[in-house]
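Coordinate analysis (summary)
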Amino acid sequence: PPQPAATSGRREHLLEGLAYAGRTAHVRALLALLGISSFFAMPYQALLPVVSSVTLGGGPRLYGGLLACAGGGALVGAIGLLLRKGLRGLGRRVGLGATMLGGGIVALSFSRDPVLSGAALAVAGFGFISQMAGTMTLLQGLAPRELRGRVMGLFSTLFVGTTPFGALLAGVVAARIGAPRTLAAGGAVVLLASGVFHLA
């Protein structure tokens, strides 16, 4: 239906959305977990060429295979979400997705076998789509109609906007301590954050 015209200025319009996200517990928790996962876990994609070539001793074929494993896990996770009805229990699925994402990245950091690395990435891909798509669905389903666009703007900013900065930091850290340790640290942060999310 047609939306009423905004009566406040752009600055007040934005601040109202930020205030809603800050004072609403479930929105605050979902966005915080999203930002942490995007910043600390998703940069694995920037380090995957190093993992493929240096850690696992492979070439372009192995790199493509590892990406396909992550994509396959994400596809299975997406199908699982499509089969769901309603929002009940989706918050737990989001927390589980973050746990699987962080755990998969940690497992990848310790793996020196291509098959195990592929399995770890499949788990991470499943967790990634479960968390991200689940978060998007919850935010859209629970936000008031007049604030939904601003809440989804915050989602997009945290989802897309933080990952490049996380990748930059991961590259700097990996140059000093190596890609496996960098991945382990990032995955551990996401595991810790998902544990706090589960408790909350």
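Structure's up top.
Cut-offs used in this document
Residues numbered from 1 in each chain as written. Predicted model: local features only at pLDDT ≥ 70, side-chain atom pairs only at ≥ 80, totals over all residues. Heavy atoms only, no water. Axes fitted to C-alpha atoms, helices over the stretch in contact; angles between N-to-C directions. Helix = DSSP H or I, 4+ residues; strand = E, 2+ residues; numbered from the N terminus. Parallel < 35°, antiparallel > 145°, perpendicular 65-115°, else oblique. Contact = heavy atoms within 4.5 Å. Nonpolar A, V, L, I, M, F, W, Y, C, P; charged D, E, K, R; others polar. Buried < 20%, exposed > 50% of the residue type's maximum accessible area, 1.4 Å probe, protein only. Polar contact = N/O pair within 3.5 Å; in protein donor to acceptor, adjacent residues only side chain to side chain. Phe/Tyr/Trp six-rings, centres within 6.5 Å; stacked < 30°, edge-to-face > 60°. Core = buried A, V, L, I, M, F, W, Y, C linked by side-chain atoms within 4.5 Å.

The subject of this paragraph is the packing of helix α7 (residues 148–161) against helix α8 (residues 163–177). The contact between α7 and α8 brings their axes to 5 Å, and the two run at 25°. One finds that α7 runs roughly parallel with respect to α8. Between α7 and α8, the residues in contact are Phe159, Val160 and Gly161 and Thr163, Pro164 and Phe165, respectively. Split by residue class, the contact of α7 with α8 holds four nonpolar, two polar and no charged.

Right, let's talk about the environment of Arg84 for a bit. Examined against the element boundaries, Arg84 turns out to sit in the loop between α4 (60–82) and α5 (90–110). For Arg84, a relative accessible area of 24% puts it in the partly exposed group. In this structure, the C-alpha to C-alpha distance between Arg84 and Phe165, residues 81 residues apart in sequence, is 33 Å. When near neighbours in sequence (up to four residues on either side) are disregarded, Arg84 contacts Gly89, Leu90 and Arg93. Reaching out from Arg84, the side chain makes a polar contact with the backbone oxygen of Arg88 at a distance of 2.4 Å.

Aromatic ring pairs are defined here through the distance separating the ring centres and the angle between the ring planes. Within this structure, the stated rule accounts for three aromatic pairs. Seen in terms of ring centroids, Phe128 and Phe159 are 6.1 Å apart; in terms of plane orientation they differ by 35°. Their pairing is tilted. Note that Phe128 is positioned in helix α6 (residues 114–142) and Phe159 in helix α7, a separation of 31 residues in sequence. Of the residues examined, Phe159 reaches a relative accessible area of 22% and is grouped as partly exposed. Look at Phe155 and Phe159: their rings are 5.6 Å apart centre to centre, the planes differ by 45°, and that puts the pair in the tilted class.

With that settled, consider the nonpolar core. Formed by 46 residues in total, the largest nonpolar core has its most connected members in Leu31 and Leu139. Per-element accounting of this core gives the leading share, eight residues, to α6. Those residues in contact with Leu139 that sit more than four places away from it in its chain are Val27, Leu30, Leu31, Val151, Met152 and Phe155.

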